[in-house]
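Here are the chains, one letter per residue:
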Amino acid sequence: MKEYITRSADETEALAAQLAKELAQGCVIGFLGDLGAGKTAFTRGFVKGLGIDAEVSSPTFAICNDYRSDDKRVLHYDMYRIDGWDDLYSVGFFDAVESGAYILCEWSENIFGALPDDAVIIKIEKLGENERKFQILKKSDFKI
């Protein structure tokens, strides 16, 4: 497990940009964290770190936002309203996992059993107004 503390949204984005350079294309990331923890800020930094020029926003209403460059793709899911395997099929989650795109899932606790065994789990904890603790684990190391 790796653990990091950030003290601003900019630091969160910088951490995510660095992680984007370390993870293999096709990696699945599941976020665990309360509302306002920094999941979308992390995604914004991750997308920038891959060199994708995009306006990153929460996929709350769309369920999935798609960010692309010539050679990279990020699918950013919000699994808050997902309720079971049928919903996952209907939003194309399983096809996405097979696509080779980076997959970033907010509210991944709702689909934990569907995440690949090698998924990266990022647990985000609010420590203060702007301070966040990020724990980065493999799914196989995390019990939910």
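Preceding block: the structure.
Residues numbered from 1 in each chain as written. Predicted model: local features only at pLDDT ≥ 70, side-chain atom pairs only at ≥ 80, totals over all residues. Heavy atoms only, no water.

### What to know about the pairing of strand β5 (residues 102–106)
Point 1. Burial analysis of β5 places five of its five residues in the buried class, the great majority of the element.
Point 2. Every second residue of β5 is oriented toward a common face, with Tyr102, Leu104 and Glu106 on one face and Ile103 and Cys105 on the other, all of them buried.
Point 3. Note: strand β2 (residues 28–32) against β5, three bridges, orientation parallel. Across the sheet, the residue bridging to Val28 is Ile103, located in β5.
Point 4. Pairing between strand β4 (residues 73–78) and β5: five bridges, direction parallel. (Buried < 20%, exposed > 50% of the residue type's maximum accessible area, 1.4 Å probe, protein only. Helix = DSSP H or I, 4+ residues; strand = E, 2+ residues; numbered from the N terminus. Pairing = 2+ DSSP bridges.)

### Let's talk about the pairing of strand β7 (residues 132–138)
Point 1. Within β7, six of the seven residues are buried, which leaves the element mostly enclosed by the surrounding structure.
Point 2. Relative to β7, strand β1 (residues 2–6) runs antiparallel, the two sharing five bridges. When the bridges of β7 are listed, Lys2 appears paired with Ile136.
Point 3. Hairpin connection of strand β6 (residues 120–126) to β7: five residues between the antiparallel strands.

### Points about the packing of aromatic side chains
Point 1. According to the stated counting rule, one finds eight aromatic pairs in the structure shown.
Point 2. Between the aromatic rings of Tyr89 and Phe94, the centroid separation amounts to 4.6 Å while the plane-to-plane angle is 45°, which identifies the pairing as tilted.
Point 3. Cluster of aromatic residues (ring-pair linked, three or more members): Tyr77, Trp85, Tyr89, Phe93 and Phe94.
Point 4. Note that Lys139 overlies the ring of Phe112, its terminal NZ or CZ placed 5.4 Å from the centroid. (Phe/Tyr/Trp six-rings, centres within 6.5 Å; stacked < 30°, edge-to-face > 60°. Lys NZ or Arg CZ within 6 Å of the ring centre and 35° of its normal.)

### Looking at the nonpolar core
Side chains that are nonpolar tend, in soluble globular proteins, to be buried together.
Point 1. If you look at the biggest cluster of nonpolar residues, it comprises 24 residues, and the most contacted ones within it are Ile29, Phe42, Phe46, Val74 and Ile122.
Point 2. Elements represented by at least two residues in this core include exactly α1 (9–22), β2, α2 (39–49), β5, β6 and β7.
Point 3. Residue contributions to this core peak at four residues, all from α1.
Point 4. The contacts of Ile122, once residues within four sequence positions are left out, are Leu19, Ile29, Gly30, Phe31, Leu32, Phe42, Phe134, Gln135 and Ile136.
Point 5. Counting 21 residues, the second-largest nonpolar core is a separate cluster that includes Tyr77, Met79, Trp107 and Phe112. (Core = buried A, V, L, I, M, F, W, Y, C linked by side-chain atoms within 4.5 Å. Contact = heavy atoms within 4.5 Å.)

### Brief notes about the sheet that holds strand β3 (residues 64–68)
Point 1. Taking strand neighbours across the sheet as the criterion, the seven strands line up as β1-β7-β6-β2-β5-β4-β3 in an open arrangement whose pairing is mixed. This sheet does not close on itself; its edge strands, each paired only once, are β1 and β3. Taking each pair of neighbouring strands and ignoring which way they run, the sheet shows an average axis angle of 20°.
Point 2. With respect to the sheet, α1 is in contact with β1, β5, β6 and β7, its orientation differing from that of β1 by roughly 150°.
Point 3. α2 contacts β2, β3, β4, β5, β6 and β7 of the sheet and is inclined by roughly 170° relative to β5. (Axes fitted to C-alpha atoms, helices over the stretch in contact; angles between N-to-C directions.)

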